[in-house]
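# Understanding the architecture of this molecule
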Amino acid sequence: MTDVTEPDLQAHFDETISRDRRIEPRDWMPDSYRKTMIRQISQHAHSEIIGMQPEGNWITRAQKYSSIFNYPTLTYADVGVIGWLVDGAAICNQVPLCRSSYGPYARAMIRICKEESFHQRQGYELLLTMMRGTAAQKDMAQDATNRFWWPSLMMFGPPDDASPNTEQSMKWGIKRHTNDELRQRFVDMTVPQADKLGVTLPDPQLRWNEARGHYDFGPVDWAEFKAVVAGNGPCNAQRIAKRKAAHDDGAWVREAALAHAAKNKNHAPERTRLTPAANHG
């Protein structure tokens, strides 16, 4: 029997990717591929854990939560704008991941995108209602749009020429589109929705480019993006502090669960192995 070498395994992995097939958990994969998937899935999970915090002040009035967790939610209109823009950006980013090369992640994304679609519709309909309301409600919706538009564009990550992960993730089939391609798709999708709502997107350079077949838009403040990623956003410290406090406050639950499991293990009845009776006939 011929021993399988690491180059053989690498070649099989490369062929699987080139044929646009899925990598499964028990398949051999390069350490760098595994590390990339752990980073991306962990980041996604972390967003879901922290995502309930921004709208905590409104939880008694609306049971919706956001995924941009380093910016404050100042008014009830933020609930609608977060659903419309933030979850809309999440959908734009995550739908192509349903075809990711890593099987478990791709299959999970199908279910996640269905949920995000509900959030986006809910937020959009909330804003439609507010924009049919009083002048104060309309101003509230516009103000929330002004504050969340640019952070929503930042959700797609740094520009392609400054992204450390995009090129390799594209080669591996983890991502199907670059950050800038997804950002452009989101802008093209959102502008007509804003027109329908009656809100103005806060970008004086936003206009249709007939030659490109896309909307042109102004530069993103990447210095602000880097500050938020580095932990210096408006609410970074507050979000992490609350997460740490929740973990510390829940220590007794984890300790009790471990003690209960240990008690059950120590007092578990022994299982008697039943053997067939001897044949005396």
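As a starting point, this report considers the structure included with it. Source: prediction; values computed, not measured.

## Let's talk about the side chain of Q142
By the secondary structure assignment, Q142 is in helix α5 (residues 135–154). At a separation of 2.8 Å, a polar atom in the side chain of Q142 contacts the side chain of N146. The contacts of Q142, once residues within four sequence positions are left out, are V199 and T200.

## Looking at the pattern of salt bridges
Going through the model one piece at a time under the given rule, you end up with eight salt bridges. The partner of R147 in a salt bridge is D143, with the nearest N and O atoms 3.0 Å apart. Linking R147 with D143, this pair stays in helix α5, spanning four residues, or about one helical turn. R147 gets classed as partly exposed once you look at its relative accessible area, which sits at 23%. With a closest N to O distance of 3.6 Å, K171 and E167 form a salt bridge. Placement of the pair is K171 and E167 together in helix α6 (residues 166–171), with a separation of four residues, close to one helical turn. You can call K171 exposed: its relative accessible area is 54%. Via salt bridges that share partners, D78, D143 and R147 belong to a single interconnected network.

## Section: the nonpolar core
In terms of nonpolar packing, the biggest core is built from 36 residues, with W84, L85, F148, W149, L153, F186 and L197 touching the most fellow members. Going through the elements one at a time, α3 (77–94), α4 (103–131), α5, α7 (179–197) and α8 (222–229) are the ones with two or more residues in this core. By residue number, the principal contributor to this core is α3, which donates nine residues. Here L197 is in contact with W84, Y124, L127, L128 and M131, once residues within four sequence places are set aside.

## Considerations on the packing of aromatic side chains
Tallied over the entire structure, the rule returns nine aromatic pairs. Judged by centre distance (6.3 Å) and plane angle (80°), the rings of F13 and W28 are edge-to-face. Residue F13 is found in helix α1 (residues 6–18), and its partner W28 is found in the loop between α1 and α2 (31–50); the two are separated by 15 residues along the sequence. Here the aromatic rings of Y33 and W172 are separated by 5.3 Å at their centres, their planes lie at 75°, and the arrangement is edge-to-face. Here the residue Y33 occupies a position in helix α2, and W172 occupies one in the loop between α6 and α7, the gap between them amounting to 139 residues. Judged by relative accessible area, which is 0%, Y33 ranks as buried.

## Some details on the packing of α5 against α7
Closest axis-to-axis distance for the α5/α7 pair is 9 Å, and the angle between their directions is 145°. Of α7, the residues touching α5 (which contributes W149, S152 and L153) are R183, F186, V187 and T190. Looking at the contact of α5 with α7 residue by residue, the classes come out as four nonpolar, two polar and one charged.

## Some words on the side chain of N209
Within the fold, N209 resides in strand β1 (residues 207–209). A polar contact of 3.0 Å, which involves the side chain of N209, links it to the backbone nitrogen of A211. Not counting the four nearest positions on each side in its chain, N209 is found in contact with H214, Y215 and D216.

Rules behind the numbers
- Residues numbered from 1 in each chain as written.
- Predicted model: local features only at pLDDT ≥ 70, side-chain atom pairs only at ≥ 80, totals over all residues.
- Heavy atoms only, no water.
- Helix = DSSP H or I, 4+ residues; strand = E, 2+ residues; numbered from the N terminus.
- Polar contact = N/O pair within 3.5 Å; in protein donor to acceptor, adjacent residues only side chain to side chain.
- Contact = heavy atoms within 4.5 Å.
- Salt bridge = Lys/Arg side-chain N within 4 Å of Asp/Glu carboxyl O.
- Buried < 20%, exposed > 50% of the residue type's maximum accessible area, 1.4 Å probe, protein only.
- Core = buried A, V, L, I, M, F, W, Y, C linked by side-chain atoms within 4.5 Å.
- Phe/Tyr/Trp six-rings, centres within 6.5 Å; stacked < 30°, edge-to-face > 60°.
- Axes fitted to C-alpha atoms, helices over the stretch in contact; angles between N-to-C directions.
- Nonpolar A, V, L, I, M, F, W, Y, C, P; charged D, E, K, R; others polar.

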